[in-house]
There are 2 protein chains.
Amino acid sequence: MQDSDKGTVNDSVIDAISFDPQGLVPAIAQQHDSGEVLMMAWMNREAVEQTLASGEVHYWSRSRNSLWHKGESSGQTQALKELRIDCDGDTLLVLVDQKGVACHTGRRNCFFTAVRDGTLETIAEVEIDPKELYGDGTKS
Amino acid sequence: MQDSDKGTVNDSVIDAISFDPQGLVPAIAQQHDSGEVLMMAWMNREAVEQTLASGEVHYWSRSRNSLWHKGESSGQTQALKELRIDCDGDTLLVLVDQKGVACHTGRRNCFFTAVRDGTLETIAEVEIDPKELYGDGTKS
């Protein structure tokens, strides 16, 4: 994409998204090559624009009420591979290349609790000690 | 799972889920073997319970304000393979075996609009004519 096109690109993408009354849309992050679903978070218009402009995934943190450049403090960034929009525009699928781990627990993805044989089972190991990720206690 | 365990199973699963103020939680449906992300919809407590009890995926339809047995009218059902819960309990990943197509447009998945080279591009073909799926105009 050429720099001169950015405004137009963003406008057409933003127009295709149905943000909820809070101005947010759920965004599913999927590892582009393996198909692993890494996490789900929320984007507002600014997060979508920053993701497209920077090539690194940004979300809107509902707990901090601020733009969240994923991995800014932990180093576990997500390089944007492709942004997709669902049939009614109210969910995004973000194909990414995840650096390290997506989950703040230090696991590769956030969906490590499975219902198996009638019990909740933890099915993934911690790959990076969260203390290594968040020296300052910030979740990112 | 044994029938006698169902109550206990459901309770522990329900307790692990953080439903939003509307009593809903986003649920991502992923084809269990290919990794294809099919759709995102919402579940309430009843939808989770019915999904676990029946082995077929149920959602909560926000537009119809009613329980939605996916594929009940269209035949495009989702057999439950595994239910997973994310790290903070506010998103579900549902591994399924999708019969036919997941999307009401007749495409295999709902995420067929991609941002490529600065434009919105339709990247999947219609596999089943929606008229074949919804003779009565009901979306399911």
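Residues numbered from 1 in each chain as written. Chains lettered and ligands numbered in written order. Predicted model: local features only at pLDDT ≥ 70, side-chain atom pairs only at ≥ 80, totals over all residues. Heavy atoms only, no water.

Okay, the packing of aromatic side chains next. Residues and elements named next belong to chain A. Scanning all chains against the criterion turns up 2 aromatic pairs over all chains. Ring geometry for Y59 versus W68: centroids 5.3 Å apart, planes at 45°, classification tilted. Exposure class is identical for Y59 and W68. Each is buried. Sitting over the ring of F112, R107 keeps its end group 3.9 Å from the ring centre. (Phe/Tyr/Trp six-rings, centres within 6.5 Å; stacked < 30°, edge-to-face > 60°. Buried < 20%, exposed > 50% of the residue type's maximum accessible area, 1.4 Å probe, protein only. Lys NZ or Arg CZ within 6 Å of the ring centre and 35° of its normal.)

Residue and element names in this part refer to chain B. Along helix α2 (residues 45-54), the residues that are buried comprise A47, V48, T51 and L52. Buried residues of α2, seen end-on, are gathered within an arc of 130° and therefore sit on one face of the element. Within two residues after α2, G55 carries a phi angle of roughly 80°, on the positive side. (Helix = DSSP H or I, 4+ residues; strand = E, 2+ residues; numbered from the N terminus. Arc of directions from axis to C-beta.)

On the side of chain A, 38 residues touch chain B, which itself brings 38 residues to the contact. Of the roughly 3000 Å² buried where chain B meets chain A, counting both sides, 67% is carbon and sulfur surface. Of all residues in chain B, C87, F111 and V115 of chain B bury the most surface against chain A, accounting for 20% of the area lost on that side. Put simply, chain B and chain A have 4 salt bridges between them. The salt bridge partner of R62 of chain A is D90 of chain B, with a shortest N-O separation of 3.6 Å. When the residues that make up the side of chain B that touches chain A are grouped by side-chain class, the tally is 22 nonpolar, 8 polar and 8 charged. Where strand β5 (residues 78-85) of chain A lies against strand β7 (residues 113-116) of chain B, 2 bridges are found, and the strand directions are antiparallel. (Contact = heavy atoms within 4.5 Å. Buried area = accessible area lost by both parts, 1.4 Å probe. Salt bridge = Lys/Arg side-chain N within 4 Å of Asp/Glu carboxyl O. Nonpolar A, V, L, I, M, F, W, Y, C, P; charged D, E, K, R; others polar. Pairing = 2+ DSSP bridges.)

It is worth spelling out the relation of the copies chain B and chain A at this point. Aligned on chain A, chain B shows an RMSD of 0.0 Å; the corresponding rotation is 180° and the shift along the axis is 0.0 Å. With respect to symmetry, the two chain copies, as superposed, fit the operation of a two-fold axis. The rotation axis passes nearest to the C-alpha of G35 of chain B in chain B, at a distance of 2.5 Å. With an isologous cut-off of 70% or more, the 100% of interface residues of chain B that recur at the interface of chain A puts this contact in the isologous class. (Least-squares fit on C-alpha atoms with pLDDT ≥ 70 in both.)

The analysis is restricted to geometry; functional conclusions fall outside its scope.
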